[in-house]
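Architecture at a glance
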Amino acid sequence: MSPLVQLAAEEAENPLIPPIPELVIGFIAFVIVFAFLAKKLLPNINKVLEERREAIEGGIEKAEAAQTEAQSVLEQYKAQLAEARHEAARLRQEAQEQGATLIAEMRAEGQRQREEIIAAGHAQIEADRKAAAQALRQDVGQLATDLAGKLVGESLDDHARQSRVIDRFLDELDEKAEATR
């Protein structure tokens, strides 16, 4: 064989180019498989993808709805918190006012009681002073009568006379005491 014929024969047997009947059979098999996949598998894949897309969109919508609801709940919470703080401030103010009122009432009551105690003490002192003056008057009168009786040498047992003498003597003493003040 000549080198040219040999070269032509080698070209005809190129392993990279398949024979025509194999190409036709391969093409027909490809079309059958493609048709099968397009009829059976592709609708299932599209259905799954559509369900997945709807689930994702539904999830996004649900997330947006949940976020909106969470935002409204947050606003309600903030409003309630502000109201609770306002109420606490109001109660604190009322308690301070009541405390100030109670303190003022207690001071007034204490002042009143103190004045009552002082008045009672003054009354008691005055009553004790009068009782002491009366007792002293009687004792001094008795002593003066006894002394006068000893000086005069006669008994001054007459009660009316005794009282007049004693009263006159004590009145003179009171006048002298007031004049020295």
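None of the values given here were measured: they were computed from a predicted structure.

**What about the overall build of the chain?**
- A count of helical and extended segments in the chain gives three helices and zero strands.
- Each helix and strand of the chain, placed in order from N terminus to C terminus, yields the pattern α-α-α.
- Per-residue burial for the chain yields a buried fraction of 4% across its 181 residues.

**Considerations on the layout of surface pockets**
- Volume-wise, the largest pocket comes out at about 270 Å³.
- What lines the largest pocket is Arg 129, Ala 133, Leu 136, Arg 137, Val 140, Leu 170, Leu 173 and Asp 174.
- Only helix 2 (20–152) and helix 3 (159–180) provide two or more residues apiece to the lining of the largest pocket.
- Element by element, the count of residues in the lining of the largest pocket is highest for helix 2, at five residues.
- Residues of the lining of the largest pocket, tallied by class, amount to five nonpolar, no polar and three charged.

**Considerations on the packing of aromatic side chains**
- This model, assessed by the stated rule, comprises one aromatic pair.
- Plain terms: the ring middles of Phe 30 and Phe 34 are 6.1 Å apart, the flat faces sit at 20° to each other, and that makes the pair stacked. Taken together, the residues Phe 30 and Phe 34, both in helix 2 and four residues apart, mark about one turn of the helix. In this structure, Phe 30 and Phe 34 share a single accessibility class: exposed.

**Side note on the confidence of the model for the chain**
- Overall, the prediction assigns the chain a mean pLDDT of 83, with 83% of residues at 70 or greater.
- No element of the chain has a lower mean pLDDT than helix 1 (residues 3–12), which averages 56, and none a higher one than helix 2, which averages 89.

**Some thoughts on a nonpolar patch on the surface**
- A cluster of nonpolar side chains, contributed by Ile 20, Leu 23, Val 24, Phe 27, Ile 28, Phe 30, Val 31, Ile 32 and Phe 34, occupies part of the molecular surface with about 940 Å² of accessible area.
- Following the sequence through the fold, Ile 32 ends up in helix 2.

**Brief notes about the pattern of salt bridges**
- What the rule picks out here adds up to seven salt bridges.
- Across the pair Glu 50 and Arg 53 runs a salt bridge, and its minimum N-O distance is 2.1 Å. Highlighted residues: Glu 50 and Arg 53, both in helix 2, separated by three residues, approximately one helical turn.
- Classification of Arg 53 as partly exposed rests on a relative accessible area of 36%.
- For the salt bridge of Arg 90 with Glu 87, the shortest nitrogen-to-oxygen distance reads 2.2 Å. With Arg 90 and Glu 87 both in helix 2 and three residues apart, the pair spans about one turn of that helix.
- By relative accessible area, which is 34% here, Arg 90 ends up partly exposed.
- Using a relative accessible area of 32% as the deciding quantity, one classes Glu 87 as partly exposed.

**Notes on the environment of Ser 163**
- Examined against the element boundaries, Ser 163 turns out to sit in helix 3.
- Placed 25 residues apart in sequence, Ser 163 and Gln 138 show a C-alpha to C-alpha distance of 9.2 Å.

The rules behind the values
Residues numbered from 1 in each chain as written. Predicted model: local features only at pLDDT ≥ 70, side-chain atom pairs only at ≥ 80, totals over all residues. Heavy atoms only, no water. Helix = DSSP H or I, 4+ residues; strand = E, 2+ residues; numbered from the N terminus. Buried < 20%, exposed > 50% of the residue type's maximum accessible area, 1.4 Å probe, protein only. 1 Å grid on protein atoms, 1.4 Å probe; cavity = no way out; pocket = protein on both sides within 12 Å on 5 of 7 lines; lining within 4 Å. Points joined across faces, edges and corners; volume = space filled by probe spheres on them. Nonpolar A, V, L, I, M, F, W, Y, C, P; charged D, E, K, R; others polar. Phe/Tyr/Trp six-rings, centres within 6.5 Å; stacked < 30°, edge-to-face > 60°. pLDDT = per-residue confidence, 0-100. Patch = residues over 30% accessible without salt bridge, like charges linked within 9 Å, V, L, I, M, F, W, Y side chains within 5 Å. Areas by Shrake-Rupley, 256 points an atom, 1.4 Å probe, with all protein chains shown as cover. Salt bridge = Lys/Arg side-chain N within 4 Å of Asp/Glu carboxyl O.

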